[in-house]
Amino acid sequence: MDSDDLGLFGPGSVTWKVHEEPILIVAGLRSLYLQALHPRAMAGVAQNSNYRTDAWGRLVRTATYVATTVYGTTAEAEQAGARLRRLHARLRATDPDTGEDFRIDDPDLLRWVHVTEVESFLSTARRAGLPLTDDEVDGYYTEQRRSAGLVGLDPATVPGTAAEVAAYYRAVRPELRMTREAAETAIFLTAPPLPWKLSLPARLGLTLGPPRWAYLGIAGTALALLPPWARRMYGGLGLPTTELSADLTVRALRLALAAVPRRYREGPLMQAAKERAERHMATPLAG
């Protein structure tokens, strides 16, 4: 039955195992810090996005897209990908160095965004304490080639193992640097305007209320979780002690999030996917 379609991945996938982790909220922020270091990718965002005026709306839309590709039915995932491809196909930007116009759906840019996102999801979950074997790590990257295909990439051109991801980063690093737009974006990501209800303490003169402190902690952790070479580009130190501190912090945060009742941690798409999986498992028994 179409209503019981398990989507692109399903309950036995590494993707479901990774994306069940609420700590991925930190991973999403980490990926944005990383993506900002690519001048063309950053120019494409800055010239086509209203992220400064609708930061939280953009975050919700991105999270919904990822959840749809991971937990939606096959049709829902393909429809979400088709909408994103149509949007990207209309967008252009200008290279800040050469003045050259380029397409937002340039495969090199799509590949950069994809790799930084899935590598952030995986590395953050693993450093937070999610037990994954090396085979599962490679399995996750291989599975995520399906997501890459949704945005218009040829899956064969996308890194599908940990070794291939590491080689990709080595190859692309000469193109990365700290630009003014990257620095401004990093500052914005670290201290964005909070949603109205959360920013109410600021309206009362409490500029660093609990929501702001909590967010600053998450942002600081996301920065500390960056690869050493990326932290150095942001002016930080690529020291082992920084990585140890980040690991301890993200593990503690994962434990804290695990204490939150499941009904608050699982979104409607995840809940619907699990219900479909239960029906699917029960079908042979009923027959």
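The structure presented is a predicted model; accordingly, all values stated were derived computationally and were not measured.

Draft legend 1. Representation of the overall build of the protein chain in the model. Scanning the protein chain from N- to C-terminus turns up 16 helices and 2 strands. Burial analysis of the protein chain (287 residues in total) assigns 42% to the buried set. Considering only residue pairs separated by 6 or more positions, the protein chain has 72% of its internal contacts joining residues 24 or more positions apart. Surface summary for the protein chain: the accessible area is close to 14800 Å², and the carbon and sulfur share equals 60%.

Draft legend 2. The arrangement of the nonpolar core in detail. Val-18, Tyr-33, Leu-34, Trp-112, Tyr-140 and Tyr-169 are the most contacted members of the largest nonpolar core, which totals 65 residues. In terms of residue count, helix H6 (residues 107-127) provides more of this core than any other element does, 8 residues in total. Once residues lying within four places of it in the same chain are set aside, the contact partners of Trp-112 are Leu-34, Gln-35, His-38, Ala-41, Tyr-168, Tyr-169, Val-172 and Leu-176. Within the second largest apolar cluster, 6 residues are counted, among which are Ala-36, Tyr-51, Ala-182 and Phe-188.

Draft legend 3. Seen up close, the side chain of Glu-143. Among the structural elements, Glu-143 can be located in helix H7 (residues 134-143). Look at Glu-143: it is buried, it has no salt bridge, and the nearest opposite charge is Arg-146 at 5.4 Å. Setting aside chain neighbours within four positions, we find Glu-143 in contact with Phe-9, Ser-13, Val-14 and Thr-15.

Draft legend 4. Region of the structure containing the layout of surface pockets. Approximately 350 Å³ is the volume found for the second largest pocket. Lining the second largest pocket are 19 residues, and of these Glu-119, Ser-123, Tyr-141, Val-165 and Tyr-169 lie nearest its centre. Counting only elements with at least two residues in the lining of the second largest pocket, the list comes to H6, H7, helix H9 (162-172) and helix H13 (228-233). Of the residues in the lining of the second largest pocket, the class split is 12 nonpolar, 1 polar and 6 charged.

Draft legend 5. Quick look at H7. Those residues of H7 lying buried are Val-137, Tyr-140, Tyr-141 and Glu-143. Each buried residue of H7 sits inside an arc of 165° when the element is viewed along its axis, so together they form one side. Residues of H7 that are exposed and point over 90 degrees away from its buried face: Asp-134 and Asp-135. Residues of H7 that are buried in the fold lie against helix H1 (14-19), H6, helix H8 (145-150) and H9.

Reading guide: rules and limits
- Residues numbered from 1 in each chain as written.
- Predicted model: local features only at pLDDT ≥ 70, side-chain atom pairs only at ≥ 80, totals over all residues.
- Heavy atoms only, no water.
- Helix = DSSP H or I, 4+ residues; strand = E, 2+ residues; numbered from the N terminus.
- Buried < 20%, exposed > 50% of the residue type's maximum accessible area, 1.4 Å probe, protein only.
- Contact = heavy atoms within 4.5 Å.
- Areas by Shrake-Rupley, 256 points an atom, 1.4 Å probe, with all protein chains shown as cover.
- Core = buried A, V, L, I, M, F, W, Y, C linked by side-chain atoms within 4.5 Å.
- Lys, Arg positive; Asp, Glu negative; His and termini not counted.
- Salt bridge = Lys/Arg side-chain N within 4 Å of Asp/Glu carboxyl O.
- 1 Å grid on protein atoms, 1.4 Å probe; cavity = no way out; pocket = protein on both sides within 12 Å on 5 of 7 lines; lining within 4 Å.
- Points joined across faces, edges and corners; volume = space filled by probe spheres on them.
- Nonpolar A, V, L, I, M, F, W, Y, C, P; charged D, E, K, R; others polar.
- Arc of directions from axis to C-beta.

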